[in-house]
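Each chain, written out:
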Amino acid sequence: MTKYLKILLVILLILGLLFRFLNLEKKVYWHDEVYTTIRATGNRANVFYNEEFQNKIVSIEQLQKYQQLKIGSSDFDTINSLINEDPHHPPLYFLLNRYWGKLFGFSITSSRVLPIIISLISLPLMYLLALELFNSKLVGYLATLFLFFSPFDIIFSQIARQYSLLTLFIILSSLFLLKATKYGQRKDWLLYTITASLGWYTHLFFAVTIIAQGVFILVIRQFKKIVPFSLSLLSIMILYLPWLLVLLARRETAISLTDWAKARFDIILFSKQWILSFSSLFTDLFFGFDNPLTYLYRLLFIGLIFWAIIVVYRTKDLLISGFIITSIVVPFFLLVIPDLIFSTLRSTITRYLISSYPAVQLAVAYLFYNYKNNRLWQLILVFVLTNGLISGAMNVEAETSWAKLPSYSNKEITKVVNQSSNALIVSDRGDGWINIGDVLSLSYHLNKDVKFLLASYPAKKETVLGLINKSKADIFVFRPSKALKTMLEKNYGLLEPINLEADLYEIIP
């Protein structure tokens, strides 16, 4: 390795670290992260709602006690919080977050450093996976670079959720499965079983990775490996049985909490989302959801991915082509097919496609390896990496991102409210119950003297109106339910829209 190449790699390493660690506190601490902390601290969302959404004025300090370790709570309180309120989320990451928080606190920065560290651990594992699959250091370096500068991976490494850990176990279980398939050693099958079980305890959708890995065993025609894989699969099922029983017992709760994913299939909408999702591995440049330029530009990366898959398919090594293609295609279609049958949109949710992403990055790395001596492809590689660098630099300064719905506009809301020297925010649970998380999300970015008037559902009219009338504050209304908005408009006239996208209004006397 030349001196200049070493310097370049050091510069890239520093940039990759800066992209992950800079301005963590500045970015919206969004809805789902709030729920991570509620679970990790042993609190419950229904307790928060029943105690605070009671037609009374609440301080930020009072709200955020549900974001601090509950006195006398244990690991079982975290698990029970998930069982009772969020059974489709297995407990592993939330327990890790709990232990981390007990050591370093539950601040925004502290909570986000954990997934960043996990994402960094994935980098050498990606290199080892590429080396095991392709027996090429160059492919390993390229795959690691693509993971390191992936806009998707950078954004989700800064979110206090389980997605970095999910990526880690997808890579790690794939590595041990490859080793077990190639060498047939018991320790590799054991390590595969353990890491796959941990992956499933990280996210429910790790199941699609396990299915893809089973298809891989069949595709490569390693029939002697079917028995040990079946034993591993049986062991994984037994290890996961406790949470499977939770899912069965709480299936109605799990179904009700995922009702938001129901939508009629729309080929144009779905195609847009798939283009945005897969291209987010290499670029985050965006010109508007309805701007054709967004998709024309992103299609360059989709074309690159398709060509990479074709190059992999043409290789004579069935192990390589079988692993890459099954790892990309099977998880994707395991989400698409139910979407078509049950009118859902899970395959359009970028984070739900994580099972396919490492294999996409490996395929593109192998593509550039095949054209390593081609001047044009060297320039294309520079173009791809430059997109990652530009996207990473943009993310450093960004206060929000497409990954943070429904809290996308929360920083804009707080900027408006913080201009007031005496502000009161009126809200309730909202028609979709999402305000429970977003009220807490707002509280992290508001001035400490801002107060909330949190109404029950339905609101007690006399109490709420009395508190508003007695208040000498500037009255803002945040994402009210239809019932609350109607009640306020009957008494104060039409609410003055401040930010319609964020559903923020003001009561003008």
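Above this text is the structure in question.
Here's what I pulled together on the structure shown here. (Residues numbered from 1 in each chain as written. Predicted model: local features only at pLDDT ≥ 70, side-chain atom pairs only at ≥ 80, totals over all residues. Heavy atoms only, no water.)

**Some words on the layout of surface pockets**
Logical step 1: If you add up the space inside the second largest pocket, you get close to 840 Å³.
Logical step 2: Surrounding the second largest pocket, 25 residues form its lining, Leu-5, Leu-9, Leu-12, Tyr-141 and Leu-145 being those nearest its centre.
Logical step 3: Those elements that provide at least two residues to the lining of the second largest pocket are helix 1 (3-21), helix 8 (137-148) and helix 19 (375-397).
Logical step 4: Per element, the largest residue contribution to the lining of the second largest pocket is 7 residues, and it comes from helix 19.
Logical step 5: Grouping the amino acids of the lining of the second largest pocket by side-chain chemistry returns 21 nonpolar, 3 polar and 1 charged. (1 Å grid on protein atoms, 1.4 Å probe; cavity = no way out; pocket = protein on both sides within 12 Å on 5 of 7 lines; lining within 4 Å. Points joined across faces, edges and corners; volume = space filled by probe spheres on them. Helix = DSSP H or I, 4+ residues; strand = E, 2+ residues; numbered from the N terminus. Nonpolar A, V, L, I, M, F, W, Y, C, P; charged D, E, K, R; others polar.)

**Structural notes on the environment of Ser-401**
Logical step 1: Within the secondary structure layout, Ser-401 lies in the loop between helix 19 and helix 20 (410-417).
Logical step 2: With 117 residues separating them along the chain, Ser-401 and Asp-284 place their C-alpha atoms 9.9 Å apart.
Logical step 3: Setting aside residues up to four positions removed in sequence, Ser-401 forms contacts with Ile-155 and Tyr-408. (Contact = heavy atoms within 4.5 Å.)

**A closer look at unusual backbone geometry**
Logical step 1: Following Leu-405, the chain continues to Pro-406 via a peptide bond in cis, the omega torsion being 10°.
Logical step 2: If you trace the backbone, Pro-406 turns up in the loop between helix 19 and helix 20.
Logical step 3: We note that Ser-343 has phi near 55°; this positive angle belongs to a residue other than glycine.
Logical step 4: Considering the arrangement of structural elements, one finds Ser-343 in the loop between helix 17 (318-342) and helix 18 (357-370).
Logical step 5: A positive phi angle, near 60°, is found at Asp-503, a position not held by glycine.
Logical step 6: With relative accessibility at 21%, the residue Asp-503 sits in the partly exposed group. (Buried < 20%, exposed > 50% of the residue type's maximum accessible area, 1.4 Å probe, protein only.)

**Re the packing of helix 11 (residues 186-200) against helix 12 (residues 206-219)**
Logical step 1: Orientation of helix 11 relative to helix 12, taken along the N-to-C sense of each, is 145°, at an axis distance of 8 Å. Helix-helix and strand crossings are classified by hand; for helix 11 and helix 12 the assignment is left-handed. Contact residues: Tyr-192, Ala-196, Gly-199 and Trp-200 in helix 11; Phe-206, Ala-207, Ile-210 and Gln-213 in helix 12.
Logical step 2: Residue composition of the contact of helix 11 with helix 12, by class: 6 nonpolar, 2 polar and no charged. (Axes fitted to C-alpha atoms, helices over the stretch in contact; angles between N-to-C directions. Left-handed = near helix turned anticlockwise from the far one by under 90°.)

**Observations regarding the environment of Arg-351**
Logical step 1: Mapped onto the elements of the fold, Arg-351 is located in the loop between helix 17 and helix 18.
Logical step 2: The class for Arg-351 is buried, based on a relative accessible area of 17%.
Logical step 3: In contact with Arg-351, other than residues within four places in its own chain, are Asp-32, Phe-152, Phe-156, Tyr-163 and Trp-260.

**Looking at helix 19**
Logical step 1: The first and last C-alpha atoms of helix 19 sit 34 Å apart over 23 residues, in line with the 33 Å expected at 1.5 Å per residue.
Logical step 2: Those residues of helix 19 that fall on the buried side of the exposure criterion are Trp-377, Leu-381, Val-384, Leu-385, Asn-387, Gly-388, Ser-391, Gly-392, Asn-395 and Val-396.
Logical step 3: In the core, the buried residues of helix 19 are packed alongside helix 1, helix 8, helix 9 (151-157), helix 16 (292-314) and helix 18.
Logical step 4: You can read the cap of helix 19 off the contacts: a side-chain oxygen lies 2.9 Å from the backbone nitrogen of Leu-376, and it is on Asn-374. (Expected span 1.5 Å × (residues − 1). Polar contact = N/O pair within 3.5 Å; in protein donor to acceptor, adjacent residues only side chain to side chain.)

**Re the packing of helix 8 against helix 18**
Logical step 1: Running from amino to carboxyl end, helix 8 crosses helix 18 at an angle of 130°, the nearest separation of the two axes being 8 Å. The angle between helix 8 and helix 18 falls in the class oblique. The two elements helix 8 and helix 18 cross, and the hand of that crossing is right-handed. For the pair formed by helix 8 and helix 18, the contact residues are Leu-138, Val-139, Leu-142, Ala-143, Phe-146 and Leu-147 on the first element and Gln-361, Leu-362, Val-364, Ala-365, Tyr-366, Phe-368 and Tyr-369 on the second. (Parallel < 35°, antiparallel > 145°, perpendicular 65-115°, else oblique.)

**Points about the sheet that holds strand 2 (residues 423-427)**
The strands that make up a sheet pair up through hydrogen bonds in the backbone, lying either parallel or antiparallel.
Logical step 1: Pairing within the open sheet is mixed, and its 6 strands lie in the order 1-3-2-4-6-5. Pairing within the sheet leaves two strands with one partner each, and these edge strands are strand 1 (56-59) and strand 5 (496-499). Direction aside, the axes of adjacent strands within the sheet are offset by 30° on average.
Logical step 2: Pairing between strand 2 and strand 4 (residues 474-478): 4 bridges, direction parallel. (Pairing = 2+ DSSP bridges.)

**Some remarks on helix 10 (residues 163-183)**
Logical step 1: In this model helix 10 runs 30 Å from its N-terminal to its C-terminal C-alpha over 21 residues, within 8% of the 30 Å that 1.5 Å per residue would give.
Logical step 2: For helix 10, a buried count of 18 out of 21 residues is recorded, marking the element as mostly surrounded by other parts of the structure.
Logical step 3: Of the residues flanking the end of helix 10, it is Gly-184, one or two places downstream, whose phi is positive at about 65°.

**Some details on the packing of aromatic side chains**
Logical step 1: Applying the stated criterion across every chain yields a total of 39 aromatic pairs.
Logical step 2: Aromatic side chains Phe-216 and Phe-323 sit 5.7 Å apart centroid to centroid with 85° between the ring planes, which places their arrangement in the edge-to-face category. One end of the pair, Phe-216, is in helix 12; the other, Phe-323, is in helix 17, and 107 residues separate them in sequence. Take Phe-216 and Phe-323: they sit in the same class, and that class is buried.
Logical step 3: Above the face of the Tyr-369 ring, Lys-372 is positioned so that its terminal group lies 4.2 Å from the ring centre.
Logical step 4: In this arrangement the basic side chain of Arg-429 is found over the ring face of Tyr-457, its NZ or CZ atom lying 3.7 Å from the centre. (Phe/Tyr/Trp six-rings, centres within 6.5 Å; stacked < 30°, edge-to-face > 60°. Lys NZ or Arg CZ within 6 Å of the ring centre and 35° of its normal.)

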